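Chain and residue survey
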Amino acid sequence: MTATVNLSLSPLLSTPQQPQSNRSTTTDLIKSCKNLNEIKQLHARFTKQGFNQDPGFLGKLIAKCSEIGSYDSLKYAQTAFDYFCYSEEGLNNTYKFNSLIKGYSLAGLFSDAVLIYARMVLENVAPDGYTFPLVLSACAKDGRFFEGSGIQGLALKWGFGDDVFVLNSLIHLYSECGEVDKARKVFDKMPDRNLVSWTCLICGYSRREKAEEAVRLFFEMVEEEGIMPNSVTMVCVISACGELGGLGLAERVCGYIGKAGLKVNTVMVNALVDMYMKCGSVVKAKRLFEECVDRNLVLYNTILSNYVRHGMVTEALDVLGEMLSCGGPRPDRVTLLSAISASTEMADVFLGKQCHAYILRNGLENWDSIGNAIIDMYMKCGCQEWACRVFDRMSNKTVVSWNSLMAGFLRNGDVEAACRTFDEMPESDIVSWNTIIGGLVQQSMFEDAIHLFRVMQNEGIKADRVTMVSVASACGYLGANDIAKWIYNYIEKYEIHLDMQLSTALIDMFARCGDPASAMKVFNKMKERDVSAWTAAIGAMAMEGNGKRAVELFYEMLREGVEPDQVVFVAVLTACSHGGLVGEGMKIFRTMKEIRGISPQIVHYGCIVDMLGRAGLLKEAIDIIKNMPMKPNDAVWGAFLAACKMHKNDEMATYAADMISESSPDKAGIHVLLSNIYASGGKWTDVAKVRMSMKERGIKKNPGSSSIEVNGTVHEFTSGDESHPEQTSICLMLEEMKCRVREAGHVPDLTNVMMDVDEQEKEFLLYRHSEKIAMAFGLISTSQGYPIRIVKNLRMCSDCHSFAKLVSRVYERHIIVRDNNRFHFFQRGLCSCGDYW
């Protein structure tokens, strides 16, 4: 607000001066005015009496207009102020400037308040002990950090460096602007501190997510300095306790409410309810809420949002119903956000539509957060069309709105729509990139996720921890070790914080890429490890075939007091299975329920069946299957059939086949495995029956495929593939490999060809398995000494396994093959699995 308005009473202000009235009477009359009209009437009356040019009268007039704080009253005060400042008697009157600064600040016109202060400085009007707190408060409320810093310098120049009120205002300014460290420096240098000094800094810490410092400072104030808190102090420190979530600490802090003799008002009840909910004491929070007789909208919103956060949807709806009943406060947009979240949590689209209707009736739809919440609700309730309608009708589509729509498409599996939305976004942020990359990983589109990450780098967008978790996961599934190393270097280069989640993702990534040594380096660097981190490390050892080390890690975890869960038992039992540690595996299996109280699930029984089957203990394995407390699934039968094939036990396989027809009639892998067992025994009639049954049921066998990464590019081959640009060179290398491994003693295992053809054709087909093609490509595309890493979608056959062992010896190359069951590390003619796969 500027000083350009002409005062309608200016002629009156210039009337001759009359004898002055009693000053106390003048002050009382001005104080009694309730609105601007009464002030104008009094002003006119006093002007007629000749008191208008009394500096005391005009100062009180300006102060009263500023106190009312309306637009018109401030305009009136400004005009009177302008007249007075240019009269001879008005020079150097600080009180008028202070009054106007205070008025603008109270009205929320902080820029005008600062401008009045600037005018005061330019006109060489000396500030006093009230000026700086007033203008610093205006700067704090408007976030004007740099202006406030400049005002601090002037305060020091004018000799207010030790004034407690000025210094308190500085602490408040820095705290509100997020510069809590600067506020602390001011606080520490103060010669004298009062309750306001402590409260300003405690509140600054609390509001800037430095809850520990806020609570520590509170106890220093009350226990070391003996200063009792006021209600503002308590509200701030209670909020800090809520962020820390420690109920014992919260109770200790709340004890000072009584010690200080404070009355618990509605603001404090609101803070207490929020604190108890966040500390997990829902009963106390609920009792406080119910005992509060003066419940306002803020309190209702606090209990409602916390109920939703705790998943207590029924209680949340009860509170909402109370608000909508007679006498309850009218719900606002904060209320509706919680109500929409409740309907989303319940997947109750009917309730969501009721909330939507209320929003439309009450004109709340223009709030961005409301629109985004509605989009999310409709998407999660499966009403994609409604979500799109809401989005299309939004007048202000923010980046959050676009992200909500895109996330909804991904959640519903509509990747095409999600990618289209991402491409159409007028602007994107790191959340946008994380959402689309994470969504692609969830949809198993790993190569697309890595490609998009590279696009992200080309556009100069720095990834964060969330990005790298998704990218590490994608890389792990691809088994691309070169990319894995680049990802790890990227994290180190840009100093991305390695928390437990990201570290665990990296361990899993390196393990899946066949680099257990790097996985364990990451694990060993972790300062804190949860059960997920231990599970990833045990899984890395299991993939390597190092069952002994996996079991050692399991017991190390227990010694460190980390409570095992169902997932870590899967990892250690898998390690025992792959390492042939039958006795150790059975011991760990028994401790699940007996010692840890964890009931084995079907996945654990599958591990035991696989472990016993690999060891040739088929009778024991079938006994486990028969005595399982649940019906065996295809994974259990698959493990048992694989063991039957390995140990060439057709009788057991036939028994399993009869059981499979009842439990897993439509699982392709089971039927293919059964067909292979019959084929390896030359039972072609049974093979034909199984394949005919598969055809009738529409079950299709997944073709074998293998991928290999060379120079950052992943090449994929299928069995019998001849489409690769380097096909001629690959064929020549295959022939060379065939001759050299045969000279080294390799005899083709024709039982791995599951077709009724002659031996020559079988041998030809056998040498066209996808992993052999990938090995040939690796040999012609990489230099000597460079490891060849292959990922196969199916289980490696026995012939390819023996072939790879000899290739590693003949060509002196390290070959790593990850099939759908485990890793095989081939070196110098040996495999890490010890031929136990």
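Residues numbered from 1 in each chain as written. Predicted model: local features only at pLDDT ≥ 70, side-chain atom pairs only at ≥ 80, totals over all residues. Heavy atoms only, no water.

1. Here's the deal with the overall build of the protein
- Counting its secondary structure elements, the protein contains 45 helices and six strands.
- Classification of the 837 residues of the protein by burial places 50% in the buried group.
- Considering only intrachain contacts with a sequence separation of at least 6, the fraction spanning at least 24 residues in the protein is 63%.
- Within the structure as shown, the protein displays about 39300 Å² of accessible surface, and the carbon and sulfur contribution to it stands at 51%. (Helix = DSSP H or I, 4+ residues; strand = E, 2+ residues; numbered from the N terminus. Buried < 20%, exposed > 50% of the residue type's maximum accessible area, 1.4 Å probe, protein only. Contact = heavy atoms within 4.5 Å. Areas by Shrake-Rupley, 256 points an atom, 1.4 Å probe, with all protein chains shown as cover.)

2. A closer look at the packing of aromatic side chains
- Under the counting rule described, the total for this entry stands at 22 aromatic pairs.
- Relative to F640, the ring of W637 lies with its centre 6.3 Å away and its plane at 80°, an arrangement referred to as edge-to-face. Here W637 and its partner F640 are both found in helix α38 (residues 634–646), three residues apart, which amounts to about one turn of the helix. Each of the two residues, W637 as well as F640, counts as buried.
- Ring pairs connect the aromatic residues F453, W486, Y490 and Y494, which therefore count as one cluster.
- Positioned above the aromatic ring of F391 is the side chain of K397, whose terminal nitrogen or guanidinium carbon lies 5.3 Å from the ring centre.
- Over the ring of W534 we find R529; its NZ or CZ atom is 5.4 Å from the centre of that ring. (Phe/Tyr/Trp six-rings, centres within 6.5 Å; stacked < 30°, edge-to-face > 60°. Lys NZ or Arg CZ within 6 Å of the ring centre and 35° of its normal.)

3. A look at the sheet that holds strand β6 (residues 830–831)
- Read from one edge to the other, the open sheet built from six strands follows the order β2-β1-β3-β4-β5-β6, with strand pairing classed as mixed. The sheet is open, and its two borders are formed by β2 (713–718) and β6, each paired with just one other strand. (Pairing = 2+ DSSP bridges.)

4. A look at the nonpolar core
- Grouped together as the largest cluster of nonpolar side chains are 126 residues, with contacts concentrated most on M468, C475, I487, L506, M509 and F640.
- With nine residues, the top contributor of residues to this core is helix α32 (residues 531–544).
- Ignoring anything within four residues of it in the chain, the contact list for L506 reads A472, I487, Y488, I491, L498 and V522.
- One finds V125, V222, V269 and A316 within the second-largest nonpolar core, a separate group that totals 99 residues. (Core = buried A, V, L, I, M, F, W, Y, C linked by side-chain atoms within 4.5 Å.)

5. Details of the pairing of strand β3 (residues 788–792)
- Taking burial as the measure, the five residues of β3 include five buried ones, the bulk of the element.
- Across the two faces of β3 the burial is the same, with I788, I790 and K792 and R789 and V791 all buried.
- Pairing of strand β1 (residues 705–710) with β3 involves three bridges; the strand directions are antiparallel. Within the sheet, the bridge partner assigned to I708 lies in β3 and is I790.
- Where β3 and strand β4 (residues 815–818) come together, four bridges link them in parallel fashion. From the neighbouring strand, I788 faces β4, where its bridge partner is I815.
- The β-α-β motif built from β3, the intervening helix α45 (residues 798–810) and the parallel element β4 has right-handed crossover chirality. (Right-handed = clockwise from strand over helix to strand, strands pointing away.)

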